Amino acid sequence: MRVITGTARGKRLSTLEGMDVRPTSDRVKESIFSIINFDIEGAVVLDLFSGSGQLGIEALSRGAKYAIFVDKSRDSAEMTKQNLMATKLMSNTRVTTMDAVDFLKGTKNNFDIALLDPPYNKGILMEVLPLLEKKMTENGIVICEHESTLELPEQIGKLKQKKRYKYGKISLTLFVVEGEA
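What comes next is a walk through the structure. (Residues numbered from 1 in each chain as written. Predicted model: local features only at pLDDT ≥ 70, side-chain atom pairs only at ≥ 80, totals over all residues. Heavy atoms only, no water.)

## Quick notes on the overall build of the protein chain
Counting secondary structure elements, the protein chain contains 5 helices and 8 strands. Secondary structure elements of the protein chain, listed N to C terminal, follow the sequence α-β-α-β-α-β-α-β-α-β-β-β-β. For the protein chain, whose C-alpha radius of gyration is 15 Å, the value lies close to the compact-globule estimate of 16 Å for 181 residues. Each principal axis of the C-alpha distribution contributes one length, and for the protein chain these read about 45 × 35 × 30 Å. Taken across its 181 residues, the protein chain has 49% of its residues classed as buried. The contacts of the protein chain with a sequence gap of at least 6 include a subset with a gap of at least 24, amounting to 62%. A total of about 9,200 Å² of accessible surface is found on the protein chain, and carbon and sulfur atoms cover 48% of it. (Helix = DSSP H or I, 4+ residues; strand = E, 2+ residues; numbered from the N terminus. Rg over C-alpha atoms; globule rule 2.2 N^0.38 Å. Buried < 20%, exposed > 50% of the residue type's maximum accessible area, 1.4 Å probe, protein only. Contact = heavy atoms within 4.5 Å. Areas by Shrake-Rupley, 256 points an atom, 1.4 Å probe, with all protein chains shown as cover.)

The structure is reproduced here in structure tokens:
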């Protein structure tokens, strides 16, 4: 697993081993960043369910201003910190060991881009998306990586589903903040 492009291009990232770990494939990661490519520069990014931190690190490498990494696993948070140090992207970040729902209920931060890759088949997205929509900025973007059998609603509060991409057993669903009419 490597950083695709930007200031940390080519840097190898470490990941935890085990059955509960499912790093985003390079193909899916490239798709995510081609979707949001022109929105990353100067953005405040949330990497929710961050695991090794590879999505938020990719965003920082491509010019994001600030990133918050959230994972309830202490081991994942430590791995994220190691990867941030290895890529020299530790400044302008915060790594939080916390449940996603508790984080979203308590944070005062607002986000331009949110990258969500929760454990599959647990219904977590439908629990966090209504909380997340209140934390997104005008023109905010949310990308959810999930099992392809999951159909997310067309609209969740001010988040409007713009497009869905399918990659075998994995799907990406893109939501954008719908502006005031």
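Back to the write-up after that little detour.
## Brief notes about the environment of F49
Tracing the chain through its elements places F49 in the loop between strand 1 (44-48) and helix 2 (54-61). Overall, the relative accessible area of 16% leaves F49 in the buried class. Note: C-alpha distance between F49 and D99 (50 residues apart in sequence) is 8.6 Å. Among all residues touching F49, those that are not within four sequence positions of it are V70, D71, A100, L116, D117, P118, P119, I124 and V128.

Interpretation note: all reported values are geometric properties and have no functional meaning in isolation.
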